[in-house]
Amino acid sequence: MQIPVIERAAVVLGMGPTALGLVRALGRKNVKVFGIGLNRFEVSLSSRYCQRLGAIDPRYEPQKLLDFLIEFRLKNSKYTNLVLYPSGDECVVFIAENHKELSQYYTFSKLNPNFLELFLNKWCFYEACIEHDLPAPASFRIEDAQDLEQIAKNDSFPCIMKPIYYHRWAMKEGLNKAVFCRDISELLDCGRKLSENLPELIIQEVIEGEEDNIYVVAAYFDRNSTPHGIFVGQKIRQYPVGFGTTTLIRTADVSGLAERSVNFLQKVGYQGLVDVEYKYDRSTDSFYIIEINPRLGRWYGIVEAAGHDTIYYSYLDLTHQPIPKHASESRQVTWVFVLRDVLSVMNNKFWGISNTFKSYAGKKTWCIWARDDIRPFFAFFGEVISKGLKRLSQ
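Thresholds, definitions, all that
Residues numbered from 1 in each chain as written. Predicted model: local features only at pLDDT ≥ 70, side-chain atom pairs only at ≥ 80, totals over all residues. Heavy atoms only, no water. Helix = DSSP H or I, 4+ residues; strand = E, 2+ residues; numbered from the N terminus. Rg over C-alpha atoms; globule rule 2.2 N^0.38 Å. Areas by Shrake-Rupley, 256 points an atom, 1.4 Å probe, with all protein chains shown as cover. Contact = heavy atoms within 4.5 Å. Polar contact = N/O pair within 3.5 Å; in protein donor to acceptor, adjacent residues only side chain to side chain. Patch = residues over 30% accessible without salt bridge, like charges linked within 9 Å, V, L, I, M, F, W, Y side chains within 5 Å. Salt bridge = Lys/Arg side-chain N within 4 Å of Asp/Glu carboxyl O. pLDDT = per-residue confidence, 0-100. Buried < 20%, exposed > 50% of the residue type's maximum accessible area, 1.4 Å probe, protein only. Pairing = 2+ DSSP bridges. Phe/Tyr/Trp six-rings, centres within 6.5 Å; stacked < 30°, edge-to-face > 60°. Lys NZ or Arg CZ within 6 Å of the ring centre and 35° of its normal.

S.K.: Hey, could you run me through the overall build of the protein in this one?
M.R.: When helices and strands are tallied, the protein shows 15 helices and 15 strands. In terms of C-alpha radius of gyration, the protein reaches 21 Å, essentially the compact-globule figure of 21 Å for 394 residues. Dimensions along the principal axes, computed over C-alpha positions, put the protein at roughly 75 × 50 × 50 Å. About 19,400 Å² of surface is accessible on the protein, with carbon and sulfur atoms providing 51% of the total.

Listed below in structure tokens is the structure:
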């Protein structure tokens, strides 16, 4: 009797650099990956491990994307379980808002509007941290100019003003995560400029220190909120400097940080891949949680390189297959997003030539480059050169 071959496949929404770690981790395990970009130039669409399905941005054409996904599933019934992965907040929100319809055709981690509110709404997240005794930077909600003036009197400086919902803010106001305010005059001036948006913002104290005081935890939590493939890393640089995305990160060993993350996420019944960020405060010798992203981070390529099949474990669990029981220790490795890291170095006086070269020591893995998947490298730099030439010609 011939044993039927089980077709293994996944669909990834959003094919920017963040998706590369996901696409490669699944593709190397012989999972067929279909990719839908936000635009046709997204770098992960060029991966040898990805079969491109086109580009539809859920922020602007959600119904078109929903119809496409349903039609694609109906035409591909040979896949017993087709797993749906989001690679960015806009894709997470799309799946959550359409989870009832999509769950009839796809398998995906626990995503619904009520559950997602805890992680995408910065104020709800702060309140949850207080409720569960998880140290977090002091935060204040703003309703109007009076609230802003009252908060300014607390003398909690420096501070940042940031949106409650970053993914909504980015669509309207651009990609800046936060506005840094050194003193009361800068805070009030910022408040005047953003007066119409105050109810959409919160003020948060700044945990001072360089980027290398930032630590991250990655893991997959199964349907019982049991963690698998836990990884801990130390961020070394980010861009923009101060409040940006990771450009260089390395494996770290920090006692208790993973356990703290697991404890909180199990209390709230978390399921899925996760990106947890902390900042260490040297003045108090304490770690403060900064944010939890209910998805993988751009730096997730280091997780596989460090010896953890975290992404593949998510696929196994979502397709009702057992996850291996063995635990693996992290290998020492450094992940680099070269182009953005160069910009970070150029904009931070601390990183001279000597310190920069030292930070690249040891085994490395790259955001874009991979020996077994070189096309994204050429596609990425081709796009960079093309944009540069267009700017020069303007």
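More follows now that the structure is in view.
S.K.: Please clarify how the environment of glutamate 42 should be interpreted in this entry.
M.R.: Tracing the backbone through its elements, the reader meets glutamate 42 in the loop between β2 (32-37) and β3 (50-55). Here glutamate 42 is in contact with Gly14, Met15, Gly16 and Gly37, once residues within four sequence places are set aside. Of the polar contacts made by the side chain of glutamate 42, one reaches the backbone nitrogen of methionine 15; its length is 2.9 Å. Reaching out from glutamate 42, the side chain makes a polar contact with the backbone nitrogen of leucine 38 at a distance of 2.6 Å.

S.K.: Before we go on, may I ask you to explain a nonpolar patch on the surface in this structure?
M.R.: Taken together, Val338, Val342, Leu343 and Met346 make up a surface patch of nonpolar side chains, about 330 Å² in accessible area. Here valine 338 is to be found in helix α13 (residues 338-346).

S.K.: Where do I start with the confidence of the model for the protein in this structure?
M.R.: Detailed reading of the predicted coordinates is not advisable wherever pLDDT falls low. Here the protein averages 89 in pLDDT, while 92% of its residues score no lower than 70. Here residues 1-5 scores under 50 on pLDDT; set against residues more than four positions off or in separate chains, the count is 0 contacts.

S.K.: What is the right way to read the side chain of glutamine 204 from this model?
M.R.: Structurally, glutamine 204 is set in strand β8 (residues 201-205). Looking at glutamine 204, the relative accessible area reads 9%, which means it is buried. Side chain to side chain, glutamine 204 and lysine 162 meet in a polar contact 3.4 Å long. Apart from the residues within four sequence positions on either side, glutamine 204 is in contact with Pro137, Ala138, Ser139, Cys159, Ile160 and Lys162.

S.K.: How should I be thinking about the pairing of β8 in this particular structure?
M.R.: For a regular strand, the rule is simple: side chains alternate between the two faces of the sheet. Taken across its 5 residues, β8 has 4 buried, putting it largely inside the fold. In the sheet, strand β5 (residues 139-141) pairs with β8 via 3 bridges, with the strands oriented antiparallel. Residue pairing across strands places serine 139 opposite glutamine 204, the latter belonging to β8. In the sheet, strand β6 (residues 159-163) pairs with β8 via 5 bridges, with the strands oriented antiparallel. By the bridge assignment for β8, methionine 161 is matched with isoleucine 203.

S.K.: Just checking my understanding: could you explain the packing of aromatic side chains for this structure?
M.R.: Inspection of every chain in the model, using the stated rule, returns 17 aromatic pairs. On the numbers, 5.5 Å between centres and 35 degrees between planes, the contact of tryptophan 123 with tyrosine 126 is tilted. Of this pair, tryptophan 123 and tyrosine 126 both sit in helix α6 (residues 122-131), 3 residues apart, which is roughly one turn of that helix. Ring centres of tyrosine 280 and phenylalanine 287 lie 5.0 Å apart, and the angle between their planes is 45 degrees; on these two criteria the pair is classed as tilted. Taken individually, tyrosine 280 and phenylalanine 287 each receive the classification buried, so the pair is uniform in this respect. By the ring-pair criterion, three or more aromatic residues cluster together here, those being Phe337, Trp369, Phe377, Phe378, Phe380 and Phe381. A cation sits over an aromatic face here: arginine 237 above tryptophan 351, 4.3 Å from the ring centre.

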